[in-house]
Amino acid sequence: MKKGVIALFWLFAVGFVYAQTRGDTIIYIPMPTGGTATEQSYFKENFEMETIAAGYTTTENPNEADYILRLEVQPNMVMYDDGTEEQAPPDEPQNLLELRLLQAADNSEVVMFNFPFTEVEEMYEYNLYLLYQAMANVPLTKLTSQLDPDHWRNKWLYIRGSIDYNISNYQADVKDSNNWQSSTAIGNDAGAQGDPLEPQNARSTTPMIGGTLGLEFQFLNWMAVEGDMKFVFGDPEESTLVPTVGVDLKFPLKPSKHFMLEPYVGVDVPMFTGTTVKNTSTFAALGGGFQFGVKGGNMGAFFVDTEFMYTLGNVSTRTSYRKADWQRWVLGFGIGYKLGFFNRNKDPDQSPTASY
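Just so it is clear, the model here is predicted, and its values are computed rather than measured.

**Q** Looking at this structure, I do not really get the overall build of the protein chain. What am I missing?
**A** In terms of regular secondary structure, the protein chain is built from 5 helices and 17 strands. Here the protein chain holds 356 residues, and 44% of them are scored as buried. Long-range contacts, defined here as pairs at least 24 residues apart, represent 67% of the contacts in the protein chain between residues at least 6 apart. By element, 60% of the accessible surface of the protein chain is carried by carbon and sulfur atoms, the whole surface being about 18,500 Å².

The structure is reproduced here in structure tokens:
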């Protein structure tokens, strides 16, 4: 009765620790050695059955195994002080079941112990206990390494930061000559027409370093929304800061455990701050992009980002010598990291993304 209580304790205590991870551990149990053919068959069949019942995976191919459980039936020998050995007295167990757990990769021994018995029927209540006693010595490294490798790309929330290289392009809108006026017309006679725009001044392209801070919410496995504050430099007249608020709708694709692809469409609202920009378009910029991320630990990803945004309507500027309307687009390249919080999936078995 006392041994039965101990066995029950082991089942609950050790079983609780390995409840969610032991199914990833593959065990090979070769035919036991020693004893009779009946004993060999009994221990082979019973330990395989108990291993499966305990939640482990068994295999008949030692090359697939993580661990090998070798069983051997030996006579219970008693050694006396004079060095002689003989079979244990009839009132003591006549046999020993030796259990040796080996690591399959290098055949190194993890643990070895034995348990006394006389008839195999006695072992029914102890075999599962012995199995747990052996498996309690399995290093946790094997088990914990099986935690969801997809956590890095399956977070509810990400904080994103990147350094960007933006190419801001402004093309003069000269369809209406009233859009271009000289300093005389602006300062002295608002109704007068200015000189025609010189060709070399009809386009302004400003490539400059910028940055982006953002917050991404992945509310579905295949869809996320991201809000950004972008810091773009350059307007048609001078290289001043153009803070831009953006919202992107992203479509995460996860073809591999090591990277993810996120095409997206977005809306940007630029807010010009330069002293030369007296009036800006009331329209936002529309476009999209593509983000490629690689695993950067279990918390997030390193990524590169490319996007193109085209401003609807015109951007208007006014200087001391002219006022003008511009058509604007921005091509951006970014590199950064996004840090995730709150796992969407608990483990690989429950993960809806495990098949991606």
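Now that the structure is up, let's keep going.
**Q** Is there a simple way to explain the nonpolar core in this structure?
**A** Soluble, globular proteins show a tendency: their nonpolar side chains are buried together. Of all hydrophobic cores here, the largest spans 29 residues; its most connected members are Phe-43, Phe-47, Leu-69, Leu-97 and Leu-130. Contributing elements (two or more residues each) for this core: α2 (37-53), β4 (67-75), β7 (95-103), β8 (108-117) and α3 (127-135). By residue number, the principal contributor to this core is α3, which donates 7 residues. Discounting residues that sit within four places of it in the chain, Leu-97 has contacts with Phe-43, Phe-47, Leu-71, Glu-72, Val-73, Phe-113, Asn-114, Phe-115, Phe-117, Met-123 and Leu-130. Core analysis: the second largest hydrophobic core is formed by 8 residues, Tyr-170, Val-232, Val-242 and Ala-324 among them.

**Q** Help me out: how do you make sense of the packing of aromatic side chains in this one?
**A** How two aromatic rings sit relative to each other is given by the distance of their centres and the angle of their planes. Evaluation of the coordinates by the stated rule reveals 12 aromatic pairs. Centroid distance Tyr-42 to Phe-43: 5.0 Å. Interplanar angle 70 degrees. Geometry classified as edge-to-face. Connected via pairs of aromatic rings, a cluster forms that spans Tyr-42, Phe-43, Phe-47, Phe-117 and Tyr-124. Between the NZ or CZ atom of Lys-338 and the centre of the ring of Tyr-158, over which it lies, the distance is 5.1 Å. Looking at Arg-344, its charged tip hangs above the ring of Trp-156, at a distance of 5.1 Å from the centre.

**Q** So what exactly am I meant to see when it comes to the pattern of salt bridges here?
**A** Per the counting criterion, the structure on display carries 12 salt bridges. The closest approach of N and O atoms between Lys-44 and Glu-48, which form a salt bridge, is 2.8 Å. Taken as a pair, Lys-44 and Glu-48 lie in helix α2 at a separation of 4 residues, close to a single helical turn. Each member of the pair, Lys-44 as well as Glu-48, carries the same accessibility label: buried. With its nearest N and O atoms 2.8 Å apart, the salt bridge here joins Lys-230 to Glu-307. One end of the pair, Lys-230, is in strand β11 (residues 223-233); the other, Glu-307, is in strand β15 (residues 300-311), and 77 residues separate them in sequence. We note that Lys-230, like Glu-307, is buried. Taken together, the shared-partner salt bridges connect Arg-160, Glu-216, Glu-226, Lys-250, Glu-262, Asp-305 and Lys-338 into one network.

**Q** Which parts of the structure should I look at to understand α2?
**A** Since the α-helix packs 3.6 residues into each turn, any two residues three or four apart lie on the same face. Under the 1.5 Å per step criterion, the end-to-end length of α2 is 24 Å for 17 residues, consistent within 8% with the ideal 24 Å. All of the buried residues in α2 are Glu-39, Gln-40, Tyr-42, Phe-43, Lys-44, Asn-46, Phe-47, Glu-48, Glu-50 and Thr-51.

**Q** Is there a simple way to explain the side chain of Asp-248 in this structure?
**A** With respect to the helices and strands, the residue Asp-248 is situated in strand β12 (residues 241-250). For the buried Asp-248, no salt bridge is present, and the opposite-charge side chain at shortest range is Lys-230, 4.6 Å distant. With near-sequence residues (within four places) excluded, Asp-248 lies in contact with Ala-224, Val-225, Glu-226, Asp-228, Tyr-264, Val-265, Gly-266 and Val-267.

**Q** Would you take a moment to explain the confidence of the model for the protein chain for this structure?
**A** Interpreting fine coordinate detail is not advised for predicted regions of low pLDDT. Mean pLDDT for the protein chain: 79, with 73% of residues reaching 70 or above. Note on residues 5-20: pLDDT is under 50 here. Beyond four places in sequence and across chains, it has 21 contacts. pLDDT under 50 marks residues 143-147. Its contacts with residues more than four places away, or in other chains, come to 7 contacts.

**Q** Even after reading the chapter, I still don't get α3, so can you show me in this structure?
**A** The element α3 is extensively covered by neighbouring structure, given that 8 of its 9 residues are classed as buried. Listing the buried residues of α3 in full gives Asn-127, Leu-128, Tyr-129, Leu-130, Leu-131, Tyr-132, Ala-134 and Met-135.

**Q** Got a minute to help me understand unusual backbone geometry in this structure?
**A** The phi torsion at Asn-107 lies on the positive side, around 60 degrees, for a residue other than glycine. With respect to the secondary-structure elements, Asn-107 resides in the loop between β7 and β8. If you check the backbone angles, Phe-342 has positive phi at about 70 degrees while not being a glycine. The topology assignment puts Phe-342 in strand β17 (residues 323-343).

**Q** Teacher, can you tell me more about the packing of α2 against α3 here?
**A** Between two packed helices, what matters for the description is the angle formed by their axes and the separation of those axes. It is at 10 Å that the axes of α2 and α3 come closest, and there the two elements cross at 65 degrees. As far as their axial angle goes, α3 and α2 are roughly perpendicular. For α2 against α3, the interelement crossing comes out right-handed. Residue-level inspection shows Tyr-42, Phe-43, Asn-46, Phe-47, Glu-50 and Thr-51 of α2 in contact with α3, the latter providing Asn-127, Leu-128, Leu-130 and Leu-131. Its residues assigned to classes, the contact of α2 with α3 comprises 6 nonpolar, 3 polar and 1 charged.

**Q** Can you help me understand the side chain of Gln-218 in this one?
**A** By the element assignment, Gln-218 lies in strand β10 (residues 203-220). A relative accessible area of 0% places Gln-218 in the buried class. The residues touching Gln-218, leaving out its near neighbours within four places in the chain, are Arg-153, Asn-154, Lys-155, Trp-156, Tyr-158, Met-223, Ala-224, Lys-254 and Arg-344.

Cut-off values and rules
- Residue positions are given per chain, counting from 1 as you read along its sequence in written order.
- For this predicted model, a pLDDT threshold of at least 70 governs which residues receive local features, and a threshold of 80 or more governs which side-chain atom pairs are given and counted, while totals over whole chains, interfaces and linings are taken from all residues.
- In computing side-chain properties, one takes all heavy atoms of the structure into account and sets aside hydrogens as well as water.
- Secondary structure elements are taken from DSSP: a helix is a run of H or I of four residues or more, a strand is a run of E of two residues or more, and numbering for both begins at the N terminus.
- To sort residues, take the accessible area from a 1.4 Å probe on protein chains only and compare it with the maximum for the residue type: under 20% means buried, over 50% means exposed, and anything in between is partly exposed.
- Residue contacts are defined here by distance: any two heavy atoms, one from each residue, within 4.5 Å place the two residues in contact.
- Working definition of accessibility: Shrake-Rupley area with a 1.4 Å probe, residue cover restricted to the visible protein chains.
- The set of buried Ala, Val, Leu, Ile, Met, Phe, Trp, Tyr and Cys residues whose side-chain atoms join them within 4.5 Å is what this entry labels a nonpolar core.
- When two rings of Phe, Tyr or Trp (its six-membered ring) have centres within 6.5 Å they constitute a pair, described as stacked for plane angles under 30 degrees, edge-to-face for angles over 60, and tilted for the intermediate range.
- Note on criteria: charge over ring means Lys NZ or Arg CZ within 6 Å of the ring centre, with the direction from the centre no more than 35 degrees off the ring normal.
- Salt bridges, as used here, are contacts in which a Lys or Arg side-chain nitrogen is within 4 Å of a carboxyl oxygen on Asp or Glu.
- Helices are assigned an expected span. That span is 1.5 Å times one less than the residue count.
- Lys and Arg are tallied as positive, Asp and Glu as negative. Neither His nor the chain termini are counted.
- One confidence number per residue, pLDDT, is output by the predictor and ranges from 0 to 100.
- An axis is simply a line fitted to the C-alpha atoms; with a helix, the fit covers only the stretch in contact. Between two such axes, the angle follows the N-to-C directions and lies from 0 to 180 degrees.
- Between 65 and 115 degrees an angle is taken as roughly perpendicular, under 35 as roughly parallel, over 145 as roughly antiparallel, and anywhere else as oblique.
- Should the near helix be turned anticlockwise from the far one by less than a right angle, the crossing is left-handed, and should it be turned clockwise, the crossing is right-handed.
- Following the grouping adopted for this structure description, the nonpolar residues are Ala, Val, Leu, Ile, Met, Phe, Trp, Tyr, Cys and Pro, the charged ones are Asp, Glu, Lys and Arg, and the polar ones are all others, Gly among them.

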